[in-house]
Structure formats: structure tokens, C-alpha cells
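A structural walkthrough
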Amino acid sequence: PILYMATHGQVQFPGDPNVHLDIIPVDMVCAAMIATLAELLEGTQKPVYQYGTTDTNGCLMTRMLEVTGLYNRKLVRDGKRSALFDRVTAYIEPQGLTKKEYEQRGAHAIAGAMRGAAKALDAIKFGPLAPLAKPAASALKKAARQEDKLGDVIDMFLPFIAESDWVFSCANTREAMDRMPPAERERFVWYPEKFDWREYFWYVHIPGLEKWVFPELEEKLRKEIAALRPYDNLLDLLDEAAERHDH
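Residues numbered from 1 in each chain as written. Predicted model: local features only at pLDDT ≥ 70, side-chain atom pairs only at ≥ 80, totals over all residues. Heavy atoms only, no water.

**Focus: the pattern of salt bridges**
This is how the line gets drawn: Salt bridge, as applied in this entry: a Lys or Arg side-chain nitrogen positioned within 4 Å of an Asp or Glu carboxyl oxygen. Each helix is a run of H or I in the DSSP string that is no shorter than four residues. Each strand is a run of E no shorter than two, and both are numbered from the N terminus.
One pass over the structure, following the stated rule, counts 12 salt bridges. A salt bridge links Arg179 to Glu39; its shortest N-O distance comes to 3.0 Å. Here the residue Arg179 occupies a position in the loop between helix 9 (171-178) and helix 10 (182-185), and Glu39 occupies one in helix 2 (residues 26-42), the gap between them amounting to 140 residues. Put simply, Arg63 and Glu66 hold a salt bridge, and the shortest N to O gap is 2.7 Å.

Listed below in C-alpha cells is the structure:
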């Protein structure tokens, strides 16, 4: 969701400059799982195997936002986006904020400011501005609700992108990969320490999200949620809850 928002105009995110994201492609995870299984079958397994990048080549949260902003600019430069909004936002890169800064200036703070402005407009009952005040207040309230929804999504990621710098040791995984015979080792993809994060985000990660993930997110955003109704029993309630949340 954060990358979706960052490629669609949102510019302020919690992103402490000292926090790394542990991002790793699924094909590397699969290769490491096979090596782990081999040691398990051999009886030489370690207690814990972790698959990640933070202990060798972690991607800073601020670097991810920077690369995403440059990707947006690249799309405009390559002619793949040409709307005025895209041309303007291409030069306004996503910004990483500390947790304190985000609480002061982030999505919920912006929503609060919008509601305050809407309240002031609602107070205008007479005069030449009165006919304009009501629709403007309604628009601000709607925008505030949308900003709060974005804030609720971002809040779920706060512990991982703005509070703690998690580092996962993959030493046992590296040892398992290094034990493979050279001919077999060449067939398994495991080189997190060699990642060029710009290349990975530009040509693998974000294009993959645009093809497989973003369309589903947009479909969910467009989906209208039916109004709640009385339920005959608890099972009826659970069935509708599952349907609403695609379970």
C-alpha cells in the first residue's frame, strides 16, 4: 500500500532515516527454503533460518521513497504518464518523516486541519460567501475522511518503518547455501548482498506491483460497500463479514 500511495501522489510517509526495510524477492526465499530443507533432511539443521537483506544490504526507508520518487519522474520522462497532475508530482518526491514528525504533519494531522477548515466554513451562514461555503465544507470533510483512511493504512506499518531498525541475521542461511556443491549452487538464486536497490525497484518490484497488485487495490477502492442490515443469527453476520473482506 505504501508504494501504491507513493506512486499516486502521496508525499508524506513515516520513514525514519535510520530504519531499514527487509525486502527480499520470493525466488531467493524459495532457494533458501530448499537449502534449509536439505539440512533438515540431513539432520544438520540449525534452530533458526532467516531469509532477508538487513544484515548484509538493507534498504533504508528513505532510500525506498527516494527511488520511488525517481521512478515516478522516469515514467513522465519516458512518456508513460502525461497528465498535468503526474507532471507536477513527478518533481515532488515522497518524503520520509520520523514518527514524531509524521504525527505532527502526516495524514491524520492533515485530516484534522481539513476538518477545522470545514468547521469554519460551516459557520458562514450569511453574506456573499454563504452559497460557496457549504459545498466547500462538504468537499473538505470528504477529503478529510479519505486522508484518515490513508493514515489508518500507514499506521499499521509504523513499527516497521519509523520505530525500530530490525536486523535479521541470515548467517545460518548463508552457511547452508555455501555448503552446496558449486554446480548446484549456481542454480540457486541467493545474492542479497549484491542488490542494486534502484535497479530492483525500477525494473522488478514496482513494475510487478503495477501488473499484479495495484489493479486489485484499485478494484477494492472502487468497490461499494453495502449498508449494514439486521442479521438473523451469528452465522449470517460472519458470512457477510467474510464476504466484505474477501475471505
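Still more to cover.
**Quick word on the environment of Tyr203**
By the element assignment, Tyr203 lies in helix 11 (residues 197-212). Spatially, the C-alpha atom of Tyr203 lies 26 Å from that of Leu221, the residues being 18 residues apart in sequence.

**Observations concerning the packing of aromatic side chains**
Applied cut-off: Stacked, tilted and edge-to-face are the three classes assigned to paired rings of Phe, Tyr and Trp, where Trp is represented by its six-membered ring and a pair needs centres within 6.5 Å; plane angles under 30 degrees give stacked, over 60 edge-to-face, the rest tilted. Only when the NZ of Lys or the CZ of Arg is both within 6 Å of the ring centre and within 35 degrees of the ring normal is a charge said to sit over the ring.
Tallied over the entire structure, the rule returns eight aromatic pairs. Considering the side-chain rings of Trp202 and Tyr203, the 6.2 Å spacing of their centres and the 75° angle between planes classify their relative orientation as edge-to-face. Here the aromatic cluster, defined as three or more aromatic residues joined through ring pairs, consists of Tyr191, Phe195, Trp197, Tyr200 and Phe201. Cation over ring: Arg198 sits above Trp202, and NZ or CZ is 4.8 Å from the ring centre.

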